[in-house]
Amino acid sequence: MLLSSLRTTMFCGCRIAYKGLQHSNRSPQLRQWLVKRGKSSITTEVQASSVQAAVSVPNAATNRIIGRWLLGCSGLVVGAIVLGGVTRLTESGLSMVDWHLVREMKPPQSQEEWEAEFSKYKQFPEFKILNHDMTLSEFKFIFFMEWGHRMWGRLVGLAYIVPTVYFWRKGYFTRSMKGKVLGLCGFVFFQGLLGWYMVKSGLEEKPDSYDIPRVSQYRLSAHLGSALLLYCASLWTGLTLLLPAQKMVETNRLMQLRRFAKGTGGLVFLTALSGAFVAGLDAGLVYNSFPKMGERWIPDDLLAFSPKLKNIFENPTTVQFDHRILGISSVTAITGLYLFSRRMVLPRRAKVAISLLATMAYAQVALGISTLLLYVPTSLAATHQSGSVALLSLAIWVLAELRKMPK
């Protein structure tokens, strides 16, 4: 700024001197030099202003770059969620019994290293109770499932952190965006720690229990919930940068539609989160019938645990019942949202988003019922879990399309 001020002062001084010399006919050589100097200064100022305008960030172009980056990151988070679900369904999550940020990136190479890793696994409850006759080749399968999930998690971390450093240095972020990306990067780190905290719960010795070793359903739901929050935040921020808010007439019906959409999105998120308790307790295997649970609409053991509140989170029957109710409530709310929106004048993109949300809701219900009736096959259960993320994505898209124009 100081150099710019000095340059401006010199330029003004040259102009004044030049005008003074124009009124007098003395020293024509000096007058010519001053004319050339003035033109050169003007050219330099114009070029500097052009360069400054060209590199002025953030702008629309950098917002598009950041938006696409965040959408790419959210896609990687989806991959981590799906891979984590498959890891859980194949009972592979407890195959790696320790955690190292860098050292575990290289899997065992030689026969001796595999034997050593297998020996460590044999010391923990899952092998002793569930997999006591497991062979080394079978162990390699579950090991690579968990290893792949962990490596994907590290890829997600790099996808957030490395571009953040680059874009920060280039000046692509506004002040508010800096806070958002720092929050996202911190959440990725927290997610990794929470994953290991979850795994530790399945490695602990429980002398009073002869049940199949599994991770805590509380920690599993926290791990999945934090992944879903990271995904939602990344997707929302990316969409708001890439999709400009559309101008709509602010009416009471539009405000009601927005509130309806927000409530529906929250219900979809809660339904997806309840699926973590179903997975953590293997609750999908207790009543494999629909619409009734066994011979009853409300099973006898719904409140078998004491105190009663414990049933909501620890009774497999109650957990499955709650998931059913939440799923039915979600599809009912989405249907209502669709019918309500049909009587309104909305932008085309908003109508498409709501229609796709309704279509996906019914597809997700069909996947859930099929998974239940077929006794939770791995491929179908993984597809059902992916469907919950797809449904949540469409709900976020609807909210992005219905958001208010910035003032």
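In this report, the structure presented in the accompanying data block is examined. As a convention, each chain's residues are numbered from 1 in the sequence order in which they are written. The predicted nature of this model means local features are confined to residues of pLDDT at least 70 and side-chain atom pairs, given and counted, to a pLDDT of 80 or more, with totals for whole chains, interfaces and linings taken over all residues. Hydrogens and waters are ignored; side-chain quantities use all the structure's heavy atoms.

1. A look at the overall build of the protein
Thinking step 1. Runs of E in the DSSP output that reach at least two residues are strands. Runs of H or I that reach at least four are helices, and both are numbered from the N terminus. In terms of regular secondary structure, the protein is built from 13 helices and zero strands.
Thinking step 2. Each residue is assigned to one of three classes by its accessible area relative to the maximum for its type, calculated with a 1.4 Å probe on protein chains only: buried under 20%, partly exposed between the two thresholds, exposed over 50%. A total of 407 residues make up the protein; the buried ones form 42% of that total.
Thinking step 3. We call two residues in contact when some of their heavy atoms are within 4.5 Å. Counted over contacts in the protein with a minimum sequence separation of 6, partners at least 24 positions apart contribute 77%.
Thinking step 4. Approximately 22700 Å² of the protein is accessible, and the part contributed by carbon and sulfur atoms is 64%. Values of accessible area rely on a 1.4 Å probe in the Shrake-Rupley scheme; residue burial ignores everything except the protein chains shown.

2. Structural notes on a nonpolar patch on the surface
Thinking step 1. For patches, a residue must show more than 30% relative accessible area and have no salt bridge; joins then use 9 Å for like charges and 5 Å for nonpolar side chains, namely Val, Leu, Ile, Met, Phe, Trp and Tyr. We count a salt bridge whenever a side-chain nitrogen from Lys or Arg sits within 4 Å of a carboxyl oxygen from Asp or Glu. On the surface, a cluster of nonpolar side chains totalling about 370 Å² of accessible area is made up of Y218, L309, I312 and F313.
Thinking step 2. In this structure I312 comes out as partly exposed when scored by relative accessible area, which is 37%.

3. Focus: the nonpolar core
Thinking step 1. If you look at the biggest cluster of nonpolar residues, it comprises 76 residues, and the most contacted ones within it are F139, Y160 and L346.
Thinking step 2. The leading source of residues in this core is helix α6 (residues 136–170), at ten residues.
Thinking step 3. If we skip the residues at most four places from it in the chain, Y160 touches W69, C73, S74, V77, L184, C185, V188, L230 and S234.
Thinking step 4. What we call a nonpolar core is a set of buried Ala, Val, Leu, Ile, Met, Phe, Trp, Tyr and Cys residues that are connected through their side-chain atoms within 4.5 Å. Ranked by size, the runner-up nonpolar core spans five residues in total, among them F277, L281, A283 and V319.

4. Comments concerning the environment of M198
Thinking step 1. By the element assignment, M198 lies in helix α7 (residues 175–203).
Thinking step 2. A relative accessible area of 12% means that M198 is categorised as buried.
Thinking step 3. The contact partners of M198, leaving out residues within four places of it in the chain, are V215, R219, L220 and H223.

5. Overview of unusual backbone geometry
Thinking step 1. Here the residue pair F290 and P291 is connected by a cis peptide bond, since its omega of 5 degrees sits within 30 degrees of zero.
Thinking step 2. Along the chain, P291 turns up in the loop between α9 (252–280) and α10 (310–314).
Thinking step 3. Look at the link from S306 to P307: it is a cis peptide, with omega at 0 degrees.
Thinking step 4. You can see P307 is positioned in the loop between α9 and α10.

6. What about the side chain of R324?
Thinking step 1. Along the chain, the position of R324 falls in helix α11 (residues 316–342).
Thinking step 2. Under this rule, positive means Lys or Arg and negative means Asp or Glu; His and the chain ends count for nothing. We note that R324 is buried and unpaired, the nearest opposite charge coming from D322 at a distance of 10 Å.
Thinking step 3. In terms of polar contacts, R324 uses its side chain to reach the backbone carbonyl oxygen of S289, at 2.5 Å.
Thinking step 4. Those residues within four positions of R324 in sequence are excluded, and the remaining contacts are Y287, S289, F290, P291, K292, M293 and L372. Polar contacts, as used here, are pairs of N or O atoms within 3.5 Å; protein pairs need one atom able to donate a hydrogen and one able to accept it. Residues neighboring in sequence count only if both atoms are side-chain atoms.

7. Quick word on the pattern of salt bridges
Thinking step 1. Applying the stated rule across the entire model yields twelve salt bridges.
Thinking step 2. With a closest N to O distance of 2.9 Å, D282 and R214 form a salt bridge. With a gap of 68 residues between them, D282 in the loop between α9 and α10 and R214 in the loop between α7 and α8 (217–242) connect regions that are remote in the sequence.
Thinking step 3. By relative accessible area, D282 is classed as partly exposed at 23%.
Thinking step 4. Of the residues examined, R214 reaches a relative accessible area of 17% and is grouped as buried.
Thinking step 5. A salt bridge links K310 to E314, with the shortest nitrogen-to-oxygen separation between them at 3.8 Å. Separated by four residues within a single helix, K310 and E314 lie in helix α10, roughly one turn from each other.
Thinking step 6. What makes K310 partly exposed here is its relative accessible area of 35%.

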